[in-house]
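Here is how the chains run, residue by residue.
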Amino acid sequence: MLIRRFANPASTAWNVAKTLVAMATFWLLFLYLIPKAIILAQDVVDLGDLSVPTERTVAAVIFAVGFLAWLWAGLSLAVVGQGTPLPFDAPRRMVVTGPYRWLRNPMVVGVLVQGLAEVIYSGAALLILYFGFLATCWTIFVRPGDERECQRVFGRAFEAHYRSVRLWLPMRRPWSPPPSERPPISLNDLPENYGRRRR
């Protein structure tokens, strides 16, 4: 089960710094070191190469798009949300601006787009399984708890975003919440007993 704790009040600079450190750590481990080990393992086993030299430029462009969307989403959580992407230091405000107007979870989509670029660039078929495994784990173990908690805390504003914005494919036009559901919706706006669940 996802353990979610909202960030303590902090300056925007501190939230951005924490977010960049968390994202750099995640990127180094899950988008560089583990894929590199998988590519080396595939070379040892000699499972073949899916890449074509001309695809490397396309892969670089796809990677840049995924990386920028991922970074934009993380910084939106730090600046607008007053927190970080980490579940134990989660945003205090609901974020429906920036890339969240096109996707419900642009950070996950950004990671998977970077993964697709790595598959195209390296030609390592095993990376498809790896990024598929990451997406499956997030969908089964992280997403449901995260959505339940956001629903509990942010209520109708979260429900409006959830029902209006797609999860995996970007919207054609950016979504705007109706005036009655517009943030700022934050922990500061909630009653003292917001953390108690009704039984």
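Before any of the text, the structure's been laid out above.
The structure presented is a predicted model; accordingly, all values stated were derived computationally and were not measured.

**Student:** Let's hear about the overall build of the protein: which residues, and what values?
**Tutor:** Tallying secondary structure elements over the protein gives five helices and zero strands in all. By the burial criterion, 40% of the 199 residues in the protein qualify as buried. Counted over contacts in the protein with a minimum sequence separation of 6, partners at least 24 positions apart contribute 78%.

**Student:** Before we move on, could you go through the layout of surface pockets and cite the residues and values that matter?
**Tutor:** With a probe scaled to a water molecule rolled over the atoms, the places where space remains empty come into view. For the largest pocket, the calculated volume is near 1200 Å³. Lining of the largest pocket is provided by 40 residues; of these, P85, N105, V108, W138 and V142 occupy positions nearest its centre. Among the elements of the structure, α1 (12-45), α2 (55-79), α3 (106-122), α4 (126-154) and α5 (156-164) are those that each provide at least two residues to the lining of the largest pocket. The biggest single contributor to the lining of the largest pocket is α4, with twelve residues. Here the residues of the lining of the largest pocket are counted per class, giving 30 nonpolar, four polar and six charged.

**Student:** Before we move on, could you go through a nonpolar patch on the surface and cite the residues and values that matter?
**Tutor:** Residues L28, L29, Y32 and L33 make up a contiguous nonpolar surface patch of roughly 340 Å² in combined accessible area. Residue placement: L28 occurs in helix α1.

**Student:** I'd like a rundown of the packing of aromatic side chains, residues and numbers included.
**Tutor:** Applying the stated criterion across every chain, the model contains ten aromatic pairs. Plain terms: the ring middles of W27 and F63 are 6.3 Å apart, the flat faces sit at 85° to each other, and that makes the pair edge-to-face. Here W27, found in helix α1, pairs with F63, found in helix α2; they are 36 residues apart in sequence, far enough to count as distant. Summarising the aromatic geometry, the rings of F158 and Y162 are spaced 5.8 Å apart at their centres and angled 35° between planes, so their arrangement reads as tilted. Taken together, the residues span about one helical turn, with F158 and Y162 both in helix α5 at a distance of four residues. When its relative accessible area of 11% is taken as the criterion, F158 is described as buried.

The rules behind the values
Residues numbered from 1 in each chain as written. Predicted model: local features only at pLDDT ≥ 70, side-chain atom pairs only at ≥ 80, totals over all residues. Heavy atoms only, no water. Helix = DSSP H or I, 4+ residues; strand = E, 2+ residues; numbered from the N terminus. Buried < 20%, exposed > 50% of the residue type's maximum accessible area, 1.4 Å probe, protein only. Contact = heavy atoms within 4.5 Å. 1 Å grid on protein atoms, 1.4 Å probe; cavity = no way out; pocket = protein on both sides within 12 Å on 5 of 7 lines; lining within 4 Å. Points joined across faces, edges and corners; volume = space filled by probe spheres on them. Nonpolar A, V, L, I, M, F, W, Y, C, P; charged D, E, K, R; others polar. Patch = residues over 30% accessible without salt bridge, like charges linked within 9 Å, V, L, I, M, F, W, Y side chains within 5 Å. Areas by Shrake-Rupley, 256 points an atom, 1.4 Å probe, with all protein chains shown as cover. Salt bridge = Lys/Arg side-chain N within 4 Å of Asp/Glu carboxyl O. Phe/Tyr/Trp six-rings, centres within 6.5 Å; stacked < 30°, edge-to-face > 60°.

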